[in-house]
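So you can see what is in the structure, the chains are spelled out below.
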4 protein chains.
Amino acid sequence: MKALVYNGPGQKNLEEHPKPTVQMPTDAIVKITKTTICGTDLHILKGDVATCKPGTVLGHEGVGVVDSVGPGVTVFKPGDRVLISCITACGRCDYCRKGMYSHCTTGGWILGNRIDGTQAEFVRIPYADTSLYPIPQDADEEALVMLSDILPTGFECGVLNGKVQPGSTVAIVGSGPIGLAALLTAQLYSPSEIIMIDLDDNRLAVGKRFGATATINSTDGKAAEKVMKLTAGRGVDTAIEAVGIPATFELCTDIVAPGGTVANVGVHGVKADLHLETLWSHNITITTRLVDTVSTPMLLKTVQSKRINARQLITHHFKLSEILKAYDTFGKAADTKALKVIIEA
Amino acid sequence: MKALVYNGPGQKNLEEHPKPTVQMPTDAIVKITKTTICGTDLHILKGDVATCKPGTVLGHEGVGVVDSVGPGVTVFKPGDRVLISCITACGRCDYCRKGMYSHCTTGGWILGNRIDGTQAEFVRIPYADTSLYPIPQDADEEALVMLSDILPTGFECGVLNGKVQPGSTVAIVGSGPIGLAALLTAQLYSPSEIIMIDLDDNRLAVGKRFGATATINSTDGKAAEKVMKLTAGRGVDTAIEAVGIPATFELCTDIVAPGGTVANVGVHGVKADLHLETLWSHNITITTRLVDTVSTPMLLKTVQSKRINARQLITHHFKLSEILKAYDTFGKAADTKALKVIIEA
Amino acid sequence: MKALVYNGPGQKNLEEHPKPTVQMPTDAIVKITKTTICGTDLHILKGDVATCKPGTVLGHEGVGVVDSVGPGVTVFKPGDRVLISCITACGRCDYCRKGMYSHCTTGGWILGNRIDGTQAEFVRIPYADTSLYPIPQDADEEALVMLSDILPTGFECGVLNGKVQPGSTVAIVGSGPIGLAALLTAQLYSPSEIIMIDLDDNRLAVGKRFGATATINSTDGKAAEKVMKLTAGRGVDTAIEAVGIPATFELCTDIVAPGGTVANVGVHGVKADLHLETLWSHNITITTRLVDTVSTPMLLKTVQSKRINARQLITHHFKLSEILKAYDTFGKAADTKALKVIIEA
Amino acid sequence: MKALVYNGPGQKNLEEHPKPTVQMPTDAIVKITKTTICGTDLHILKGDVATCKPGTVLGHEGVGVVDSVGPGVTVFKPGDRVLISCITACGRCDYCRKGMYSHCTTGGWILGNRIDGTQAEFVRIPYADTSLYPIPQDADEEALVMLSDILPTGFECGVLNGKVQPGSTVAIVGSGPIGLAALLTAQLYSPSEIIMIDLDDNRLAVGKRFGATATINSTDGKAAEKVMKLTAGRGVDTAIEAVGIPATFELCTDIVAPGGTVANVGVHGVKADLHLETLWSHNITITTRLVDTVSTPMLLKTVQSKRINARQLITHHFKLSEILKAYDTFGKAADTKALKVIIEA
C-alpha cells in the first residue's frame with residue numbers, strides 16, 4: 001500500500017509499505033478514507049520526537065472503514081465506518097479505568113509515533129474496541145476527522161482543565177489550529193469573554209470569526225497590560241496556553257486572576273519560569289495534559305447537534321498521492337492560511 | 001495595653017500600645033486570652049513583608065472574648081468567646097461570595113500585617129460577623145488556637161487543593177509545623193501512604209508519630225529516587241510543598257504521578273523552574289493558595305469530635321509578659337523542638 | 001406610598017401603605033423602578049402560603065434605586081441602581097457561608113411573604129449588602145428584573161442541579177415561565193437535545209422559539225413513550241420538573257436515563273409516588289431546591305454578554321397603577337399568552 | 001464439579017454441575033477458593049428475582065485462581081490469584097466508559113443471576129480483563145471477599161453518593177451487613193457523627209463497635225425525633241438507607257438536613273411516598289445506585305493499608321460441602337448474629 005513514511009529528520013516519503021495485519025486478538029485493520037496532518041507530525045520531522053523511529057508511517061488522525069478484526073474485538077466488524085482516536089486505550093489498565101487514556105500503560109500516543117500511523121491506505125489499530133468510535137449514519141465524515149485529535153485536545157487540555165464556565169473570562173494565547181479548537185469548544189460553556197492573543201493578525205481575524213469577543217496582537221509585548229485593561233484589572237478566569245514556549249506560558253501566569261486556572265495545551269521543549277514569589281498567594285491552578293480523548297463521544301454529539309461547527313477548521317483538500325504538497329501547504333501556514341488539511345486516501 | 005510591636009526589621013518590643021476601639025460599624029474588639037506565633041511573624045521581623053509597617057502589633061492567631069461591637073455586628077455580643085481567623089472576610093465582595101476570603105477586596109490577611117494584630121491584650125477585628133467563629137461550650141480553647149491559621153492552611157492549601165483521597169499516596173515536603181498540619185488533616189481522607197520528607201531527623205520522627213507511613217531524610221539529594229522506590233516507580237498522587245524554596249517545589253514536580261497534584265503551601269521568595277518540557281504531557285495540576293479559612297467551621301467539628309488531635313502541635317507555653325522568650329524559643333525550633341507555642345494574654 | 005397588599009385569600013388591593021424605614025443597621029430602603037408578578041404571588045392569593053399574613057405587600061422581584069441605608073451597609077449608598085434578589089441573605093450564618101441563601105436562618109424567601117415586598121413604590125431590604133446587586137452602567141434594567149427570581153430559579157434548581165452538560169439530553173416538563181427560564185439557561189451548557197413537554201401547544205411553540213430541539217404535547221398521556229423514542233430507548237440525562245404536581249414529577253422519574261438526574265423546580269402541594277422498586281438500581285439522582293440566587297452575579301454577566309436574551313420572557317407592560325390589570329393578564333396566561341409582565345413603579 | 005444450584009423458589013441444592021469452559025475470547029475460568037452469601041441470594045431463593053432462572057449456580061462474590069483464559073484476555077493468565085467483582089464490565093460500552101459498570105450493556109449484575117455464579121468449584125467470568133482484580137502478594141484473601149460486593153456497595157451507593165465529608169453528620173438506617181459496610185467505609189472520610197438506626201439492639205451494638213458515635217433503636221417509632229435531638233434540630237448531612245422498605249426510606253427523607261443527601265442502598269420491592277410538598281424547598285438530593293464496583297481498586301488499597309478492617313464483617317466459616325448449613329446460619333442472622341460467612345471451596 002501507499003504510505004507517508006518518516007525516514008529520519010527532515011526526510012519523509014510517500015512510498016510502498018507493507019499492508020498491516022492483525023497481530024493481537026484486540027487489533028483491527030482500518031482502511032483509511034480521510035486523514036490529516038498535525039503540528040506534531042512536523043515536530044517528528046524535525047527530529048524532536050525520539051520515540052518515533054525512521055521507517056514509521058506518520059499520522060494519528062483519520063476516519064475509515066474496518067477491514068478486518070482480531071478475535072478479541074467485540075464492538076466492531078468489517079465494514080463499520082469508524083473514527084480513529086489519536087490515543088490508543090487498552091481500557092483495562094489503572095489509567096484507562098480512570099479515563100486517563102493518554103497514560104495507558106500499553107497504549108497512549110503510539111499511532112504514527114511508536115507504531116505505524118494513519119497517513120496510509122490502511123492502519124492497524126490496537127485495542128480497537130476502546131480506540132475507535134462508530135460513525136453515526138448521517139455524519140459529515142470530514143468534520144469528524146477534527147475529532148481524532150484537535151478538538152478533544154483543545155477541549156480537554158484547554159477548556160475542561162481550564163474550567164471554563166458560563167459568564168467566565170477566558171484568554172487563549174495562540175490562535176493557531178489548536179488555539180482555535182479551544183476557542184470553538186470553549187463556547188460550549190458560554191463564557192462572557194474570550195480574548196485571543198497571537199502575533200499574526202490573520203490568525204486573530206480567524207479567531208474573531210470563530211467567536212472571540214476580543215483579540216490582542218502581542219507583537220508589542222503589551223498583551224498582559226491589555227488583558228488587564230479588558231478585565232478591569234482583574235485578569236482572566238482561564239488562560240489557555242496554546243503555543244508551547246516559555247514566553248506564552250509566562251504570559252498566562254501573568255494574566256490569570258486570583259482563583260483562576262492556567263491550562264497548558266502547548267508542547268514545550270524547554271523549561272519555563274514559575275514566579276512563585278508572587279503566585280504562591282494567588283490561589284491559582286496550573287494544569288498540563290496530553291489529550292485523553294475521553295471526551296470524544298460527547299464532542300461527537302455536539303458536532304452532530306451542530307453546537308460546534310468543526311468544518312470551519314478545514315481549509316484545504318488533497319489526495320493521498322498529493323500528501324507531500326499537503327505537508328508543504330500545512331507547513332507554511334502563515335502564507336497559505338492553512339488550518340487543517342484533509343487528505344483523502 | 002501591652003502589645004508586641006514590630007519596630008522595623010529585626011526590632012520587636014513588648015510595649016504599651018493604645019487599646020483599640022470600634023472604628024467601623026462592623027468591627028468588634030476582642031480581649032485576647034491565648035495567641036501564638038507563626039513563621040510569617042518571623043518573615044515580617046526579617047523585613048520581608050513590605051505591607052507591614054513599623055509600629056504594627058504583630059500576630060494573626062488567637063482566641064478571646066468579645067469586649068465590644070459596632071452597631072452593624074449581628075452575630076456576636078460582648079462576652080462571647082470567639083476564635084479569630086487569620087483572614088478577615090467582608091462577606092460581601094465577589095471573592096468572599098465565592099469563599100475566597102484570602103482575596104477579600106477590603107480584608108484578606110491584614111491582621112498583624114496592615115493593621116494591628118493579636119499579640120496584645122486586645123485586638124480590633126474588622127467584619128467581625130464573618131471573621132470570628134463562636135467557640136463551643138466544651139471546647140479546648142488552646143487546641144482551637146491551631147484553627148486560626150495553621151490547620152486551615154495545611155488543610156486548604158495542602159490537603160483540599162491536593163485532592164487527597166481514600167487510598168491515595170501523599171508526599172509532604174517539609175515536616176515543620178505547616179507540613180505537620182497538612183499531615184494531621186490529610187488523614188481526614190484516609191490516604192494509604194503519607195511520606196514525610198525533611199532534612200531534620202527529629203522533625204521526621206514527629207511526622208512518624210503524627211501518622212506518616214514513611215519518612216525520607218532528603219539530605220543526600222536522593223529523595224525523588226526514594227519516593228519512586230516507595231511507589232513502585234509511579235510517583236505520588238499528591239505532593240504537598242511545605243517549605244517555600246525552589247528545590248523543594250521542584251522535588252514535588254519530580255515525584256508527582258501522572259494525573260497527580262502538586263499543592264504549594266510554602267511562602268516563596270524567588271521563582272522556581274517549571275520543567276514543562278517533561279511536564280506538558282504528564283497530566284498534572286499545580287495549585288497555589290493563600291489560606292481562605294473557609295474550612296474553619298468544618299475543622300472545628302473535626303477537632304471537637306476528636307478526628308484531629310490539634311493539641312499535638314503545641315509544644316510550649318508562655319505568658320504575654322514572656323513573649324520575647326516565646327519568639328526566641330519558636331525561632332530556634334531546631335534546638336528547642338518547638339512546633340507551636342501558646343501565649344496567654 | 002402605593003402598594004399592592006394581600007388582604008387574605010382571594011383579596012388584593014392597590015392601596016396606601018406606610019413607606020418603609022430602616023429598622024436594622026443592615027437594612028436599605030429601595031425605590032422600586034420596575035417589578036413583576038410571580039406564580040408564587042398567585043399561590044399566596046389562593047391562601048396556600050401560610051407564612052404570608054394579610055396586610056403584607058406582595059412581590060419579591062424588581063430593580064430600583066437605593067433611597068437610604070442603615071449604618072451597617074457598606075456596599076451600597078443612596079442613588080445606587082440595584083437589582084433585588086428574591087432571597088434575603090444575611091451572609092453570616094452557616095447556610096449563607098455555604099452559598100445556600102435560601103435557608104438563611106434569618107432571611108431566605110421573606111420578601112412579599114413574611115415581610116413587605118416589592119410591588120410598591122418602596123421596599124425595605126434586610127441585609128442589603130448581600131441581598132442586592134449593583135446594576136452595571138449599560139444594563140437593560142427591564143431584562144434584569146428576570147434575574148430577581150425566574151432565571152436563577154430555572155438555572156439553579158433546574159440546570160445546575162440537573163447537571164446539564166455539553167452533548168447531554170434534557171427534557172423540561174412544563175413550558176411555562178419557569179420551564180422557559182430553565183430552557184434559556186440550559187443552553188449555556190450546549191446540550192445536544194432539549195425536549196419541552198407541556199399540554200399547551202402555544203407554550204410549546206414558545207419553547208421551540210426559545211431553543212428547544214423537540215416538543216411533546218403530553219395530552220395523550222404518551223409523553224414517556226415519545227421521549228424514549230426520541231432518545232433511542234435510553235431516556236434523558238436530565239429531566240427538569242417545572243410544574244409541581246405528582247404526574248409531572250413521576251413522568252420525570254419515568255424518562256430519566258440510568259446515571260441521570262431529575263431536578264425538581266416545581267412547587268408541590270402534595271406527595272408523589274417514588275417507584276423505588278424500579279429506581280433503586282437505576283443510578284439516578286433526584287434534587288429539590290428553593291433558589292439560592294447564588295448564581296445571580298454569573299447570570300448577570302451572561303445577560304450582559306448576550307449569551308442569554310432575558311427580554312424574551314417579557315410579554316406585557318403595565319404601570320403600578322394598573323397592577324390589578326397586570327395580575328389579571330398574568331393570571332389568565334393561557335388566553336393572554338403572558339409570560340412575565342413588567343410593572344413600572 | 002460441585003455447585004450450589006437454584007432450583008426454583010425455595011429450592012437450592014449442592015449438586016454436580018458441568019465445569020464451565022471459555023465461551024468467548026474475553027472469558028476466564030476461575031477456580032474458586034473462597035466465596036460468600038449475600039442477602040440478594042436469599043431474595044433469589046424467595047423467587048423475587050425474575051432474571052434468575054432455575055438451574056443457575058448462585059453467588060456473585062469470591063476470590064480464586066485463574067484456571068484458563070480466552071485469546072482476548074490480556075491482563076490475566078492461568079495461576080493468577082484474582083478477586084471477582086459482583087459486576088461484570090465489558091469496559092467498552094458507553095456506560096463502562098463512564099465507570100457505570102452496573103449498567104454495562106452486556107454485563108452488569110449477571111453472575112449468579114443471568115449466568116452461573118461463584119458458589120461452586122469453578123466459575124466463568126466474562127470480560128475477565130475488566131471484571132477481575134489481581135490480588136496483591138501479601139493480601140488477606142478472606143478479607144478481600146468483602147470487596148466483591150459488600151464494601152463497594154456500602155461505599156459507592158451509601159458513602160460516595162451520600163457525599164460523606166470530614167466533619168459531617170451521617171445517619172445509617174439499617175445496621176445489617178450492608179449498613180455496617182457503609183459504616184466502615186464512611187469513616188474513610190472522617191465524619192463527626194455517625195448515627196446507626198435499627199430495630200435490633202445486637203446489631204446496634206455491633207455498629208457501636210464498628211465506629212458509630214450514636215445508636216438509635218427505632219422500635220418506638222421515635223427515630224426521627226431522636227435524630228433531630230442529636231443534631232440540634234438540624235438533621236443529618238447524609239442519610240443512608242440500608243434496609244429497602246418504604247418506612248426506612250421515608251425516615252431518611254424526614255431526617256435529612258437542608259442541603260443534605262439521602263443515599264439509597266436498599267433493594268426495594270414497592271414504591272415509597274416522596275413528600276415533595278415539604279421537600280421541594282429543602283434543597284436535598286436523593287440518589288439510587290446499583291453498585292458499579294468502580295471503587296474496588298481504591299478500596300483494595302485502603303484494606304491493604306489497614307484503613308479499613310474488612311475482616312470484622314466475617315463471623316462464620318464453612319466448607320463448600322457445608323454450604324446449606326452456611327445458608328441456614330446466614331438466613332437466621334438475628335439468632336446466629338451472622339454478618340458475612342466465608343465458604344471455602
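Just so it is clear, the model here is predicted, and its values are computed rather than measured.

Draft legend 1. Fine view of the interface of chain C and chain A. At the junction of the two partners, chain C supplies 15 residues and chain A supplies 15 residues. Across the chain C to chain A interface the summed buried area is about 1400 Å²; carbon plus sulfur atoms make up 49%. The largest per-residue losses of area from chain C upon contact with chain A belong to P166, S190 and R307 of chain C, which jointly make up 38% of the total buried on that side. Across the contact surface, chain C and chain A share 0 salt bridges. Viewed at the interface, chain A and chain C are joined by 10 residue pairs in polar contact (both at pLDDT 80 or more).

Draft legend 2. Highlighting the side chain of S168 of chain C. Residues and elements named next belong to chain C. The topology assignment puts S168 in the loop between α5 (150-160) and β9 (169-173). In this structure S168 comes out as buried when scored by relative accessible area, which is 7%. Polar contacts involving the side chain of S168 include one to the main-chain carbonyl oxygen of Q165, which spans 2.8 Å. When sequence neighbours within four positions are dropped, the list of residues in contact with S168 reads P191, S192, E193 and D237.

Draft legend 3. Representation of the relation of the copies chain D and chain C within the structure. Here chain D sits on chain C after a turn of 180 degrees about the axis and a move of 0.0 Å along it, with an RMSD of 0.0 Å. Expressed as a symmetry operation, the mapping of one chain copy onto the other fits a two-fold axis. Comparing interface residues between copies, 100% of those in chain D also lie at the interface in chain C; the contact surface is shared.

Draft legend 4. Local environment of the packing of aromatic side chains. The full count for this structure, using the stated rule, is 6 aromatic pairs over all chains. Seen in terms of ring centroids, F155 of chain B and Y189 of chain B are 6.2 Å apart; in terms of plane orientation they differ by 5 degrees. Their pairing is stacked. Of this pair, F155 of chain B sits in helix α5 (residues 150-160) while Y189 of chain B is found in the loop between α6 (177-186) and β10 (193-198), placing the two residues 34 residues apart along the sequence. Judged on exposure class, the residue F155 of chain B and its partner Y189 of chain B are both buried. Members of the aromatic cluster, joined through ring pairs, are F155 and Y189 of chain A together with F155 and Y189 of chain C. A cation sits over an aromatic face here: K31 of chain A above F122 of chain A, 5.4 Å from the ring centre.

Draft legend 5. Summary view of the sheet that holds strand β4 (residues 56-57) of chain D. Residue and element names in this part refer to chain D. If you trace the 3 strands from one edge of the open sheet to the other, you get β2-β1-β4, paired in antiparallel fashion. Because the sheet does not close on itself, it has two edges, and the strands there are β2 (12-16) and β4. Pairing geometry for strand β1 (residues 2-6) and β4, over 2 bridges, is antiparallel. From the neighbouring strand, V5 faces β4, where its bridge partner is V57.

Here is what the cut-offs are and how they apply
Per chain, residues are indexed from 1 in the order of the written sequence. Just so you know, chain letters begin at A and ligand numbers begin at 1, following the order they were written in. Totals for whole chains, interfaces and linings use every residue, but because this is a predicted model, local features are given only for residues with pLDDT of at least 70 and side-chain atom pairs only at 80 or more, for both listing and counting. Excluded from the side-chain calculations are hydrogens and water; all other atoms, namely the structure's heavy atoms, are used. Only heavy atoms matter for contacts: two residues are in contact if any of them lie within 4.5 Å across the pair. The term buried area denotes the loss of accessible surface (1.4 Å probe radius) that occurs when two parts are joined, taken as the sum for both partners. Put simply, a salt bridge is a Lys or Arg side-chain nitrogen that is within 4 Å of an Asp or Glu carboxyl oxygen. N or O atoms closer than or at 3.5 Å make up a polar contact, with two conditions inside protein: a donor-capable atom paired with an acceptor-capable one, and, for residues adjacent in sequence, both atoms drawn from side chains. Helix numbers and strand numbers start at the N terminus; a helix is a DSSP run of H or I with at least 4 residues, a strand a run of E with at least 2. To sort residues, take the accessible area from a 1.4 Å probe on protein chains only and compare it with the maximum for the residue type: under 20% means buried, over 50% means exposed, and anything in between is partly exposed. Copy-to-copy superposition: least squares on the C-alpha atoms, limited to residues that have pLDDT of at least 70 in both copies. Pairing of aromatic rings covers Phe, Tyr and Trp, the last through its six-membered ring, and needs centres within 6.5 Å; plane angles under 30 degrees mean stacked, over 60 mean edge-to-face, and all others mean tilted. Criterion for a charge above a ring: Lys NZ or Arg CZ within 6 Å of the ring centre, and within 35 degrees of the ring normal. When DSSP locates at least two bridges between a pair of strands, those strands are taken to pair.

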